[in-house]
Structures are given as C-alpha cells and as structure tokens.
Amino acid sequence: MNKEWKNKSVFISPSILAADFSCLGDEISKVLGLGADMIHFDVMDGVFVPNISLGIPVVESLRKRFDNVFFDVHLMIVEPERYVLDFVKAGGNLITFHIESTRHPHRVIESIKRSGAKVGVALNPGTPVILLKEIFDILDVVLVMSVNPGFYGQSFISSSLKKISELDVVRKENGFDFLIEVDGGLNEKNVEKVISAGANILVFGAFLFKGATAENFKAILDKIRIEDKIKSED
Ligand code: DX5
Ligand code: ZN
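Being a predicted model, the structure only gives us computed values, none of them experimental. (Residues numbered from 1 in each chain as written. Chains lettered and ligands numbered in written order. Predicted model: local features only at pLDDT ≥ 70, side-chain atom pairs only at ≥ 80, totals over all residues. Heavy atoms only, no water.)

Student: Quick question: what am I supposed to make of the overall build of the protein chain here?
Tutor: Along its length, the protein chain carries 8 helices and 8 strands. For the protein chain, the C-alpha radius of gyration of 16 Å lies close to 17 Å, the compact-globule estimate for 234 residues. Taken along the three principal axes of its C-alpha coordinates, the protein chain extends 45 × 45 × 35 Å. Per-residue burial over the protein chain gives 55% buried out of 234 residues. Across the protein chain, contacts joining residues at least 24 apart in sequence account for 65% of those joining residues at least 6 apart. Carbon and sulfur atoms make up 51% of the accessible area of the protein chain, which amounts to about 10600 Å² in all. (Helix = DSSP H or I, 4+ residues; strand = E, 2+ residues; numbered from the N terminus. Rg over C-alpha atoms; globule rule 2.2 N^0.38 Å. Buried < 20%, exposed > 50% of the residue type's maximum accessible area, 1.4 Å probe, protein only. Contact = heavy atoms within 4.5 Å. Areas by Shrake-Rupley, 256 points an atom, 1.4 Å probe, with all protein chains shown as cover.)

In structure tokens, the structure reads:
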C-alpha cells in the first residue's frame with residue numbers, strides 16, 4: 001500500500017478497536033482477506049478521550065506479522081508530539097493526530113513528515129474545517145470524526161456529511177491533494193452518501209467486526225469499487 005498510495009479513490013481501513021483483542025492478528029488477516037486496504041489503529045490515552053485502548057507495543061508486534069500492510073494510526077492523545085516518532089518507528093505509515101490535541105500542529109506535521117510517514121489531522125465533530133486553513137497544503141489526510149471519539153459502535157452524526165462536502169470543495173477549489181478519511185458509525189446505510197460527499201478512506205469498526213457477515217461486507221466493497229470506478233472516470 002505504501003507504494004500504491006492514492007492508487008484508488010476509495011480505501012477501506014478497518015478499525016481493530018472493535019476486533020477481538022485475544023486474537024488480533026487473526027482478526028486482521030480476516031479483514032485483509034475480505035478486501036481491506038489498510039488497518040486503522042485507534043490509540044487512546046484516557047485524557048483526550050474517556051477511554052484507554054492500545055499503544056506502541058501493539059503496533060510494533062503486529063508490524064512484525066504484517067510487514068507489507070499499510071498501518072493507519074489514529075492518535076487520540078494529548079500532546080501527540082511526545083509520541084509521533086515512536087509510532088512511526090513501531091510501524092505506522094500514516095500518523096493522524098487531532099487538531100484539538102496540540103498547541104503546535106504545524107510543528108507536529110513537520111516532524112511526522114521528516115520521519116517519512118504520511119501525516120493526517122483529525123477534526124472532532126464540533127471542530128470547524130476553517131481551523132485547518134493554514135495547513136491544508138501540507139497534509140496527506142484530513143480525518144473527519146463522524147462520532148465523538150472514544151468508542152466504537154456509536155451512531156453516525158449526520159452533519160458530518162456537510163463537513164466532508166465542505167472539505168471536498170476546499171480541496172477542489174485550491175488544488176489540494178489531501179485525502180478525506182471518515183471515521184465513526186459507518187455502515188451499509190450511510191456509506192454511499194459518505195463517498196458521494198467526497199470521502200476517500202472509510203473506517204469501519206463495529207459494522208465490520210461486530211456486525212457484517214462476509215457476504216454483506218463483500219456487497220459493500222462491490223458498491224465501493226463501482227463508485228471508485230465512476231469517480232476515477234470523472
Ligand atoms: C472512535 C474511533 C473509531 C471507531 C470506529 O474513537 O476513532 O475508529 O472505533 O468504530 P465504528 O465504526 O464502530 O464507529
Ligand atoms: Zn479512529
């Protein structure tokens with residue numbers, strides 16, 4: 001995936017937060033087998049969000065088993081500058097931090113970029129797009145949180161669609177090339193709307209690990225690939 005960055009317009013990034021932690025490696029193999037493009041790691045510190053999840057050793061050990069898989073690391077931690085390079089070293093290919101979590105977003109972006117990893121910035125549902133005005137041009141990904149971060153299995157906040165469209169317009173009008181990632185509450189009912197609004201990376205947690213059957217998920221993937229084809233022919 002590293003080499004193929006941006007070879008598609010829509011990517012699937014399963015969130016292992018909703019997987020069975022007692023057999024994480026096998027859960028990852030399963031979703032890769034179903035057609036996932038990358039793996040989404042939700043890192044939580046119990047301060048930025050009211051939950052504690054996984055950290056550096058988990059990324060590191062899974063990197064040993066999945067040496068060619070693209071690791072999409074979503075940091076929901078305060079002062080991400082203290083840890084971003086450790087997550088790159090552990091095997092993260094894309095490191096996304098929250099704009100609300102640091103006083104020095106530009107500095108954090110520069111340090112991730114210097115390490116050779118891709119960089120993303122995430123927006124909580126209550127955070128406006130305008131906050132990214134000065135950094136749009138140096139981002140690889142903008143992550144739109146479509147639930148309040150902290151837990152899998154929450155309902156999609158419908159106003160996120162407006163935010164995705166707004167980002168898509170900013171991107172087109174200015175020729176920016178960041179991808180739009182959407183994270184939280186995605187399922188078979190809202191996925192098409194999210195793609196039409198401009199999303200490129202789709203995070204699936206509960207839907208994939210706790211809900212969808214392999215057949216259902218394959219049906220979604222087929223839909224996505226059709227949308228992808230239409231988009232790339234635009
Ligand atoms: C929430 C996380 C999400 C979440 C996705 O804080 O960032 O990645 O686990 O799970 P679902 O799809 O169940 O909302
Ligand atoms: Zn996430």
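Now that the structure has been shown, we can carry on.
Student: Teacher, can you tell me more about the coordination of the zinc ion (ligand 2) here?
Tutor: Under perfect tetrahedral coordination by four donors, a metal shows angles of 109.5 degrees; under perfect octahedral coordination by six donors, it shows angles of 90 or 180 degrees. The coordination sphere of the zinc ion (ligand 2) contains the protein donors His40 (NE2), Asp42 (OD), His74 (ND1) and Asp183 (OD), at a distance range of 2.0 to 2.3 Å. Metal-centred angles of 70 to 169 degrees between the 6 donor atoms at the zinc ion (ligand 2) mark the site as octahedral. In the primary structure, the donors to the zinc ion (ligand 2) are separated according to the pattern H-x1-D-x31-H-x108-D. Pair noted here: histidine 40 is in strand 2 (residues 38-44) and aspartate 183 is in strand 7 (residues 179-183), with a separation of 143 residues, a long-range link. Under the relative-accessibility criterion, aspartate 183 is labelled buried at 7%. (Donors = N, O, S within 2.8 Å, 3.2 Å for Na, K, Ca; no water. Tetrahedral: all angles 85-135°; square planar, octahedral: opposite > 155°, others 65-115°.)

Student: Looking at this model, I keep getting lost on helix 4 (residues 105-114). Mind explaining?
Tutor: An α-helical turn contains 3.6 residues, so a residue and the one three or four places further along point in the same direction. Looking only at helix 4, the buried set comprises Pro105, Val108, Ile109, Ser111 and Ile112. Buried residues of helix 4, viewed axially, fall in a sector of 165 degrees; they line one side. Across from the buried face of helix 4, at angles greater than 90 degrees, the exposed residues are Arg107 and Arg114. Buried residues belonging to helix 4 abut helix 3 (84-90), strand 4 (94-98) and strand 5 (118-123). A positive phi of about 100 degrees marks glycine 116, the residue just after helix 4. (Arc of directions from axis to C-beta.)

Student: Hey, could you run me through the site of ligand 1 in this one?
Tutor: Surveying the vicinity of ligand 1 reveals 20 residues, the closest of which are Asp42, Gly150, Gly153, Asp183 and Ala206. In the environment of ligand 1, an oxygen atom lies 3.3 Å from a nitrogen or oxygen atom belonging to the side chain of histidine 74. Taking alanine 206, its main chain carries an N or O atom lying 2.8 Å from an oxygen atom of ligand 1. Summarising the interface, the protein chains cover 99% of the accessible area of ligand 1, which totals 380 Å² for the free molecule. Listed by contribution, the elements that provide at least two residues to the shell around ligand 1 are strand 2, strand 3 (70-76) and strand 8 (201-204). (Near = heavy atom within 4 Å. Polar contact = N/O pair within 3.5 Å; in protein donor to acceptor, adjacent residues only side chain to side chain.)

Student: How should I be thinking about the packing of aromatic side chains in this particular structure?
Tutor: Where two aromatic rings form a pair, the distance of their centres and the angle of their planes describe that pair. Inspection of every chain in the model, using the stated rule, returns 6 aromatic pairs. Between phenylalanine 136 and phenylalanine 176, the ring centres sit 5.6 Å apart and the planes meet at 25 degrees, which makes this aromatic pair stacked. Residue phenylalanine 136 is located in the loop between strand 5 and strand 6 (141-145), and its partner phenylalanine 176 is located in the loop between helix 5 (160-174) and strand 7; the two are separated by 40 residues in the primary sequence. A residue is classified by how much of its surface remains accessible, and phenylalanine 176, at 21% relative accessible area, is partly exposed. In textbook terms, an aromatic cluster arises when at least three aromatic residues are bridged by ring pairs, as seen for Phe136, Phe176 and Phe178. Sitting over the face of the ring of phenylalanine 71, arginine 63 holds its NZ or CZ atom 3.9 Å from the ring centroid. (Phe/Tyr/Trp six-rings, centres within 6.5 Å; stacked < 30°, edge-to-face > 60°. Lys NZ or Arg CZ within 6 Å of the ring centre and 35° of its normal.)

Student: Is there a simple way to think about the sheet that holds strand 4 in this case?
Tutor: Two orientations exist for strands paired in a sheet by backbone hydrogen bonds: parallel and antiparallel. In space, the 8 strands of this open sheet follow the order 1-8-7-6-5-4-3-2, with parallel pairing throughout. This sheet does not close on itself; its edge strands, each paired only once, are strand 1 (11-14) and strand 2. Within the sheet, the average angular offset between the axes of one strand and its neighbour, ignoring direction, is 25 degrees. In this structure, strand 3 lies alongside strand 4, joined through 4 bridges in parallel fashion. (Pairing = 2+ DSSP bridges. Axes fitted to C-alpha atoms, helices over the stretch in contact; angles between N-to-C directions.)

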